Structures are given as C-alpha cells and as structure tokens.
Amino acid sequence: MDRNEVLLVGRLSAAAEDRSLPSGDTMTKWRLLVRRRRHKRGGTLTDSIPCVSFDQGVADVLHGLKPRDAMEVTGAFRCRVFGPASAKIWTYEVEVATVRAIEADSLPLDEPAEPPPPSSPRPVAELAKVI
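Computed from a prediction, not measured in an experiment: that's the story for all the values here.

Draft legend 1. Layout of helix H1 (residues 56-63). The complete set of buried residues in H1 reads Val58, Ala59 and Leu62. Take H1 and look down its axis: the buried residues cluster within an arc of 100°, on one side only. Along its buried surface, H1 packs onto strand S1 (6-12), strand S2 (17-20), strand S3 (26-38), strand S4 (44-53), strand S5 (70-82) and strand S6 (89-101). Of the residues flanking the start of H1, the one acting as N-cap is aspartate 55, its side-chain oxygen 2.8 Å from the backbone nitrogen of glycine 57.

Draft legend 2. Summary view of the side chain of threonine 28. Within the secondary structure, threonine 28 sits in strand S3. A distance of 2.7 Å separates the side chain of threonine 28 from the side chain of aspartate 18, its partner in a polar contact. Not counting the four nearest positions on each side in its chain, threonine 28 is found in contact with Ala16, Glu17, Asp18, Cys51, Val52, Ser53, Ala59, Leu62 and His63.

About the thresholds
Residues numbered from 1 in each chain as written. Predicted model: local features only at pLDDT ≥ 70, side-chain atom pairs only at ≥ 80, totals over all residues. Heavy atoms only, no water. Buried < 20%, exposed > 50% of the residue type's maximum accessible area, 1.4 Å probe, protein only. Helix = DSSP H or I, 4+ residues; strand = E, 2+ residues; numbered from the N terminus. Arc of directions from axis to C-beta. Contact = heavy atoms within 4.5 Å. Polar contact = N/O pair within 3.5 Å; in protein donor to acceptor, adjacent residues only side chain to side chain.

What follows is the structure in structure tokens.
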C-alpha cells in the first residue's frame, strides 16, 4: 500500500500568511526551517520547507506563533501544477494536517542525529498479503 506521510520538527521562518482562494477556502502558507547536519566548514545546513494548510485549527495555532518558534508538523508531501500547458509551473510543499508548538529546549543545539537506515524492500508478493 502506498503511504505519503511527513513528520517535520523545526522552526517557523516568518509569520504565516492566509490567502483566500476562488473556491472560498482559505489557504495558510509558511516555511519551516529544518536543520540537516553540520557542514564540513563548520556551518549548519538548513532546509526551508514550504508548508500549506486548509485547516482553520492549524491556522489558529500558526497565528499564535512567532518567527523562530519551534513546532512539529505532520502531513503529506504534495506536488501542484499551475499555468497553461505551454508554461507549467511545478511546486512541491507539505500539506499540513496537524501542528503543535514545542519547547525550543526540546530541539537539540548540536548536530541532529542521523536517521535510521531504510529497511530493505519487501517482495511484491509479501506486500499483496498485507492488503
């Protein structure tokens, strides 16, 4: 079975912005700063990950946070395509389902731990038994 699950822990880069859509829905956009690891030259590499949500509860939490506040988000990785056929624009973002503020003390100041190695792939026949 396919899975599209994202868990990120980082810091809010700037205040979240609301955007009204033609459908009447409101989309909240922000960027999450997530440290990777220390660079060979002593600096820390950081990813700025675009996030969006259509959930008012998520927006309420975000509007209560200040830039650089720590948070944990869960959601799904999305690709959206805009524009005419001759000039398509592809964007990638995390569509956030939940967000919670966390204490900055819970974010390590030193280098983040390396993620665990990926598990080995399972044979298709074994996956079919799960369904």
